[in-house]
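Structural description and commentary
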Amino acid sequence: MNDIAQQDKLLAKFKPFLETTSTRWYLILLVLILIFAWGISGLVTQITGGHIVTGMRDNVVWGVYIVNFIFFMGLSYAGALVSGVLHLFNSEWRKPIIRMAELVTVISLMIGPFFIFLCIGRLDRLHYLFIHPRIQSPISWDVIGITTDLIGCFIYLYLSFIEDFAILRDQKSINLPKWRQKVYKFLALGYTGTPKQKKIIHKSRTLMSAMIIAIAIIVYSVLAWIFGVTLQPGWDSTIFGPYFVIAAIFSGSGLMIILMWIFRRIYHLEEFITKKHFVNMGVLLLVVAAFYGYFTFCDYLTKWYGSVKINAELIDKLFTEFNWMFIFANYFGIIIPIVIVGIPHLRTIRNITIAAVIAVVALWVNRYIIVIPTLETPFLPIQESRADWLSYSPTWVEWSLTAGGVAIFIILFKLASKFLPIISLSEMSGVDHRELKILE
Amino acid sequence: MSKKEESKSRRKFLKTGITAGISAAAGLTGGGVMANKAFAGGAFKKVKVLTTDGKVIEVDEALVEAKAAPETIGRKASMVGLPDRKFVMVVDLAKCKNARACVDACQEGHFLPKDHEWIKLFYLKDSPQTAPYWFPRPCFHCDNPMCVSVCPVGATYKRTDGIVLVDTERCIGCKFCMTGCPYSARVFHWKEPDVEQPDVAYSPETNVPAKEGTVGKCVWCADNLRKNKLPRCVSACPMGVIYFGDMVEDSVTNGTETVRFSQLLEDRAGYRYREELGTHPGVYYLPPSNRSFTVESGFEGHDEEIQKRYEQSVNKYKSKK
Ligand code: SF4
């Protein structure tokens, strides 16, 4: 199909969504805002009442918050994977889902760090991280890494938006309010699509996509080292860097499948997002699940087989108190995606999406049983009479903020997809790319 | 040396001189062995002090107290260790029967809330056949402290005299040090401290007044050490379990007897808890041998809350037999 025709078709497709807003859209937004407000009320409670309102205590000093933090940071891998890796391999099929992936990356990178802020007792001193940094601390590495990642991903996202802004500025078929046209015009930065401009944009995008892969690996390894560098049983593991990276890709590709399914339904994108996309992403999920399962197995086998007392205690805890979580996260969460995608006649769009949902939820649980049981197994036994000091259970405050995080994720996604088509218009005119064959 | 520094160091000298004078007047050995009753002897109207030009004079005590009262040790000053000192603690497990006097003295001395214990008493049993024992755990003031390494803002630091301190005015409360410490020595102010805090200027050497949302831990009573006094837990223990002293002088004291540190370790097979972690603790333990009391006696005479703490461990140790 000819590029312009393709573009026009897409524009026509998104016309109703860009032009008008349905009541359903507002209703869902309202529900999400209410959930978010619940989260805010949790935040206010925590700030006024102190951390005592959470389930965190002296042993489990980080609870669900840090689990959410690693989880959201992991989701940001969707972008690094789809737009980065697949960009470098120049896979054509990725084009319709590129925009989604990039949005996931930037939005989850914006939300993730908020959860680590919630672990911090003195938010009023947050700026000390910048004015009194100690480079020896993995937290400082994280601060540097995450800011770099966020800035890098923003630039990358923006680069991929410019052409679309220009298209939206120039198109006549959709009626947009004046202010929006102005915004598009401003954001398009005077891009007119001259060969020189095209070349610059595509060059920088290829460069950024390579950089983003590197940054993503570094950021997630650093995140893993927050745990890995300590002496705690279950954390003090050399495998944690790569293990976390793989886990992140796992959740990132899972989320991509879920989003593909959702947007395909909402915008009726059946002709753009086809079964092929689900199968391809599914196969990716399968491969990553295999690696991830292998790493999980290696990690626990070595801990279990050797007889270091504290590791034995941790394993014991995992197989008793956390038994069901362990089974769900590390058996179901890995085996189900592999089986569903692995057996060809099970590979329907619906099944693959179910597999992806299981994978993403299981990964959250997996993060939970990495963080909590270890903190409940200190070298010196926890000798306490108060139940909440003995074992961790999250309070409503933590759940409200978790729900609030998910809500704001969806809200931002909704807003972004209102502002720009969720399928990149310029990407779909693929000819330019092949012509320029960047990085020759 | 700049003028400012010069005057500062002169002031310091003056102060040390006066403190030393008071110690001498109070009938203590001026040589540096610490005792727990620093001011007890001479707490009356007139005291002898040493003037800058080396004369010993008698002045009104109140006057000296006022002058000698050290200005608050701020962050900068608290980062410098006491010169030529390397503090060390030895805990004699053979004498500990969970009297908890150390905990009480510590809590009181540092205005700590009830759930915020800097020194904790554990009931441990190393293997199915060995005997259980009571294990007081202050901060180990490690020579390779994990907590210091991981702090992102330099709120916790190690001094030349061995002490590890937390500056709760710098601490952002990220709790990374709590996960870093393998001995669970750090505790968090989860809420506004429910013990009334004295109206004094803050010093990292005491961590008073306490601040919500920051970490705290045993400071080996750095404020007392500056005044040549023993840490509160040492003086409080009725059994003389805890010895404190100086590795440079090779002497430790529990308030009643002063012994040679190296000799004590040699005679009693001293060891450090979990040496294999490589943190190089500054606290040594003497094995719980030849105890003249039963370990169960440690359960008696405490609140129900305290007794309940150990239930789980008692059951666990029993079941493994
Ligand atoms: S909790 Fe405070 S002392 Fe501990 S690592 Fe964080 S900032 Fe440093």
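Residues numbered from 1 in each chain as written. Chains lettered and ligands numbered in written order. Predicted model: local features only at pLDDT ≥ 70, side-chain atom pairs only at ≥ 80, totals over all residues. Heavy atoms only, no water.

Before going further, it helps to examine the confidence of the model for chain B. All names here are of chain B. With 78% of its residues at a pLDDT of at least 70, chain B reaches an overall mean of 83. Mean pLDDT across the elements of chain B ranges from a minimum in helix H1 (residues 3-25), with 43, to a maximum in strand E13 (residues 283-286), with 97. Per-residue pLDDT stays below 50 along residues 1-44; that stretch engages in 53 contacts with residues further than four places along the chain or on separate chains. Of the two predicted TM-score estimates for the complex, the pTM is 0.86 and the ipTM is 0.88. (pLDDT = per-residue confidence, 0-100. Helix = DSSP H or I, 4+ residues; strand = E, 2+ residues; numbered from the N terminus. Contact = heavy atoms within 4.5 Å.)

A few words on the packing of aromatic side chains. Residues and elements named next belong to chain A. For the structure shown, the criterion picks out 54 aromatic pairs over all chains. Ring plane angle 40 degrees and centroid distance 6.4 Å describe the contact between Tyr368 and Tyr392, whose orientation is recorded as tilted. A residue pair is termed long-range when its members are at least 10 positions apart, and Tyr368 in helix H14 (residues 349-375) and Tyr392 in the loop between helix H15 (387-390) and helix H16 (396-419) qualify at 24 residues. Each member of the pair Tyr368 and Tyr392 is classed as buried. (Phe/Tyr/Trp six-rings, centres within 6.5 Å; stacked < 30°, edge-to-face > 60°. Buried < 20%, exposed > 50% of the residue type's maximum accessible area, 1.4 Å probe, protein only.)

Our next topic: the site of the ligand. Neighbouring the ligand are the residues Cys151, Pro152, Val153, Ala155, Cys171, Ile172, Gly173, Cys174, Lys175, Cys177, Arg186 and Val215 of chain B. Among the residues forming the shell around the ligand, the class breakdown is 9 nonpolar, 1 polar and 2 charged. (Near = heavy atom within 4 Å. Nonpolar A, V, L, I, M, F, W, Y, C, P; charged D, E, K, R; others polar.)

Residues and elements named next belong to chain A. Given a rise of 1.5 Å per residue, 27 residues ought to cover 39 Å, and the 38 Å separating the end C-alpha atoms of helix H2 (residues 23-49) matches this to within 8%. Here H2 has its buried residues at Trp25, Leu29, Leu32, Gly39, Gly42 and Gln46. In the stretch just after H2, Gly50 is the one whose phi turns positive, near 85 degrees. (Expected span 1.5 Å × (residues − 1).)

The next subject is the packing of helix H11 (residues 275-305) of chain A against H14 of chain A. Residues and elements named next belong to chain A. Look at H11 against H14: their axes get within 10 Å of each other, and the N-to-C directions meet at 30 degrees. On the basis of the axis angle, H11 is roughly parallel to H14. Here H11 and H14 pass one another in a crossing that is left-handed. The residues of H14 that touch H11, namely those facing Lys275, Phe278, Val279, Gly282, Leu285, Tyr292 and Tyr300, are Ile349, Ile352, Thr353, Ala356, Ala359, Leu363, Asn366, Arg367, Ile369 and Ile370. Of the residues that constitute the contact of H11 with H14, the class distribution is 12 nonpolar, 3 polar and 2 charged. (Axes fitted to C-alpha atoms, helices over the stretch in contact; angles between N-to-C directions. Parallel < 35°, antiparallel > 145°, perpendicular 65-115°, else oblique. Left-handed = near helix turned anticlockwise from the far one by under 90°.)

We now examine the interface of chain B and chain A. Every contact between the two is made by 52 residues of chain B and, on the other side, 43 residues of chain A. Roughly 4,000 Å² of surface becomes buried between chain B and chain A when both sides are summed, with 57% attributable to carbon and sulfur atoms. Linking chain B with chain A are 0 salt bridges, by the criterion used here. The interface formed by chain B and chain A includes 26 residue pairs in polar contact (both at pLDDT 80 or more). The residue makeup of the side of chain B that touches chain A, split by class, is 26 nonpolar, 12 polar and 14 charged. (Buried area = accessible area lost by both parts, 1.4 Å probe. Salt bridge = Lys/Arg side-chain N within 4 Å of Asp/Glu carboxyl O. Polar contact = N/O pair within 3.5 Å; in protein donor to acceptor, adjacent residues only side chain to side chain.)

Okay, the confidence of the model for chain A next. Reading fine detail from the predicted coordinates is not recommended where pLDDT is low. Mean pLDDT over chain A works out to 87, with 96% of the residues at or above the 70 mark. Below a pLDDT of 50 lies the segment residues 431-440 of chain A, which in the model reaches 16 contacts outside its immediate sequence neighbourhood of four places, other chains included.

Our next topic: the packing of helix H13 (residues 323-342) of chain A against H14 of chain A. All names here are of chain A. H14 packs onto H13 with a crossing angle of 155 degrees between their chain directions and a minimal axis gap of 8 Å. Taken together, the axes of H13 and H14 are roughly antiparallel relative to one another. Where H13 crosses over H14, the two elements pack in a sense that is left-handed. Taking contact as the criterion, the partners of Met325, Phe326, Phe328, Ala329, Asn330, Phe332, Gly333, Ile336, Pro337 and Ile340 in H13 are, on H14, Asn351, Ile352, Ala355, Ile358, Ala359, Val361, Ala362, Val365, Asn366, Tyr368 and Ile369. The residue makeup of the contact of H13 with H14, split by class, is 17 nonpolar, 4 polar and no charged.

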